[in-house]
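The primary structure of each chain is shown beneath.
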Amino acid sequence: MKVVLQNLTKRFPNRNKKGDDVIAVNDFNFEIPDGKLIGLLGPSGCGKSTTLNLICGLETPTSGRILFGEDDVTRLPPENRGVGLVFQNYALYPHLTVQENIMFPLQNLRGADKLTRPQMLEKAMTAAKLVQIDGLMERKPSELSGGQQQRVAIARALVKMPRVLLLDEPLSNLDARLRLQTREEIRRIQQETGITTIFVTHDQDEAMSISDMIVVMKDGVVQQIGAPQEVYDSPVNLFVATFLGTPPINVLDGEVKGEKLYIGGAAVCDVPGVGDQPVSVGIRPEGFTLDENGPFEVSLSRVEVMGRDTSVVSTHPASRNPVIRSIIPARNKVDRTRRTVRFTLMPEKVFIFDARDDRRICFDAE
Ligand code: ADP
Ligand code: MG
């Protein structure tokens, strides 16, 4: 099911009367293609949950429309939209077994949709098998691990075979290893069922790893929409560049003069076609090559061995962060007896941003 958001806006009145309304979602336009998994990504408070609540009908938009396929669902109550919802806290009924929890949404069906108990049991079993908890049907939630409880919550969201599946930070309560495993599970389930899915997270790794497309939000405003790699390789502004990537992109003050990018006094990179101006410079950690004649010289702080790669930690007066991190292949040895290290920079890993509005200034990196 295709999901269309048209000029979707949600204002919350400011409680203390003075001050402005909070615009939690500001003119969101997006057509989510059928059967895709969309990662909705941004820092806490940027409007992710509000967007999800608008799509499922828990909130009514101040303006704008929501369509599922050709149906305008903007004014439909949640139960008539055909959405499945999973939240961070699994919100299972503690006194019900796993089976009863999963079946719960089916028991409210009325009229032509009403199911017999054997039909409900069968649907619950199908959903349980999808999330691989069909062996735990008689347990109570208290007898399950966090990961298993979240699977039950996902099965419950799937049992009606929703048109759209909405997941709001579903992995936040799980430990690191289980988070990794469960996100892969979610991807598998989504691909097996083909249900259009929106996955909300503040964790960029999580969103990048399983999404067909990511939407990056800030202060209620969509910053960029695209395939994860495309957004990583070509961020539209400094915010998006810094939000994606671990370790994060290095940000420095720079200046363009004569179609060259200067950091401190050194010309570090050609920027053909860019006019003279002060800029913010972003350099991805993987954009450095050790080179004793390289133009970019930093003060060496330490070298961290990571196995496959080596992380060179350094400082530079133009850096906006306390340290610069460069990730280089482990076979390239850093001379630790020296106080400084020199690099050449890979032009496609160097981004420059307008110093006034943080928008990216594109140049031909060849
Ligand atoms: P996220 O899920 O990205 O952390 P939310 O969608 O929960 O963000 O919130 C977006 C903004 O809207 C925040 O500034 C939040 O304080 C505000 N907000 C959310 N819900 C309400 C509400 N019911 N009343 C007033 N303000 C709200
Ligand atoms: Mg939220």
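Figured I'd write up the structure that's included with this text.

Definitions and cut-offs
- Residues numbered from 1 in each chain as written.
- Chains lettered and ligands numbered in written order.
- Predicted model: local features only at pLDDT ≥ 70, side-chain atom pairs only at ≥ 80, totals over all residues.
- Heavy atoms only, no water.
- Helix = DSSP H or I, 4+ residues; strand = E, 2+ residues; numbered from the N terminus.
- Buried < 20%, exposed > 50% of the residue type's maximum accessible area, 1.4 Å probe, protein only.
- Contact = heavy atoms within 4.5 Å.
- Pairing = 2+ DSSP bridges.
- Axes fitted to C-alpha atoms, helices over the stretch in contact; angles between N-to-C directions.
- Parallel < 35°, antiparallel > 145°, perpendicular 65-115°, else oblique.
- Left-handed = near helix turned anticlockwise from the far one by under 90°.
- Nonpolar A, V, L, I, M, F, W, Y, C, P; charged D, E, K, R; others polar.
- Expected span 1.5 Å × (residues − 1).
- Disulfide = S-S within 2.5 Å.
- Polar contact = N/O pair within 3.5 Å; in protein donor to acceptor, adjacent residues only side chain to side chain.
- Salt bridge = Lys/Arg side-chain N within 4 Å of Asp/Glu carboxyl O.

The subject of this paragraph is the overall build of the protein chain. Scanning the protein chain from terminus to terminus reveals eight helices and 21 strands. With respect to the three principal axes, the spread of C-alpha positions in the protein chain is 75 × 45 × 40 Å. Within the protein chain, the proportion of its 366 residues that are buried is 48%. Here the contacts in the protein chain between residues at least 6 apart in sequence split such that 65% fall between residues at least 24 apart.

With antiparallel pairing, six strands are arranged side by side in an open sheet as β13-β12-β11-β14-β20-β21. The strands lining the two open edges of the sheet, one partner per strand, are β13 (266-270) and β21 (360-361). The pairing of strand β20 (residues 350-354) with β21 spans two bridges and is classified as antiparallel. Residue Phe353 lies in a different strand from β21, and its bridge partner there is Arg360.

Interhelical geometry of helix α2 (residues 98-107) versus helix α3 (residues 117-130) gives an angle of 120 degrees and a closest axis separation of 9 Å. Relative to α3, the element α2 is oriented oblique. You can see that α2 and α3 cross each other, and the crossing is right-handed. Counting all contacts with α2, which are made through Gln99, Ile102, Met103, Leu106 and Gln107, the residues of α3 involved are Arg117, Met120, Leu121, Lys123, Ala124, Ala127 and Ala128. Residues belonging to the contact of α2 with α3 are distributed by class as follows: eight nonpolar, two polar and two charged.

Now for the packing of α2 against helix α4 (residues 146-158). With their axes 7 Å apart at the nearest point, α2 and α4 run at an angle of 30 degrees to one another. Between α2 and α4, the angle falls in the class roughly parallel. Here the hand of the crossing between α2 and α4 comes out right-handed. Across from Val98, Asn101, Ile102 and Pro105 in α2, the residues of α4 making contact are Val152, Ala155 and Arg156.

Moving on: helix α5 (residues 176-193). Because an α-helix completes one turn every 3.6 residues, residues spaced three or four positions apart along the sequence face the same direction. Helix length check: α5, at 18 residues, gives a terminal C-alpha distance of 26 Å against a target of 26 Å (1.5 Å per residue), a fit within 8%. Once α5 finishes, Gly194 follows within two positions and takes phi at roughly 70 degrees, a positive value.

Our focus in this paragraph is the environment of Leu130. Turning to its location among the elements, Leu130 is positioned in helix α3. Spatially, the C-alpha atoms of Leu130 and Glu185 are 9.3 Å apart, while their sequence positions differ by 55 residues. Excluding residues within four positions of it along the chain, Leu130 makes contact with Leu158, Met161, Arg188, Ile189, Glu192 and Thr193.

Attention now moves to the state of the cysteines. By definition, a disulfide links two cysteine residues through a covalent bond between their sulfur atoms. Considering all chains together, one arrives at zero disulfides under this definition. Of all cysteine sulfurs in the structure, the one in Cys46 sits closest to Cys56, which takes part in no disulfide; the separation is 17 Å. Left unpaired, Cys269 is separated from the closest cysteine sulfur, that of Cys362, by 13 Å.

Attention now goes to the side chain of Gln277. Of note, Gln277 is situated in strand β14 (residues 277-283). In this structure the side chain of Gln277 is engaged in a polar contact, spanning 3.2 Å, whose partner is the backbone oxygen of Gly275. Residues contacting Gln277, with those up to four places away along its chain left out, are Glu255, Val256, Asp354, Arg356 and Ile361.

Summed over the entire model, instances satisfying the criterion amount to 21 salt bridges. Taking the shortest distance from any N to any O, the salt bridge between Asp71 and Arg163 comes out at 3.1 Å. Taken as a pair, Asp71 in strand β5 (residues 71-72) and Arg163 in the loop between α4 and β7 (164-168) lie far apart in primary sequence, 92 residues in all. A relative accessible area of 39% places Asp71 in the partly exposed class. By relative accessible area, Arg163 is classed as partly exposed at 25%.

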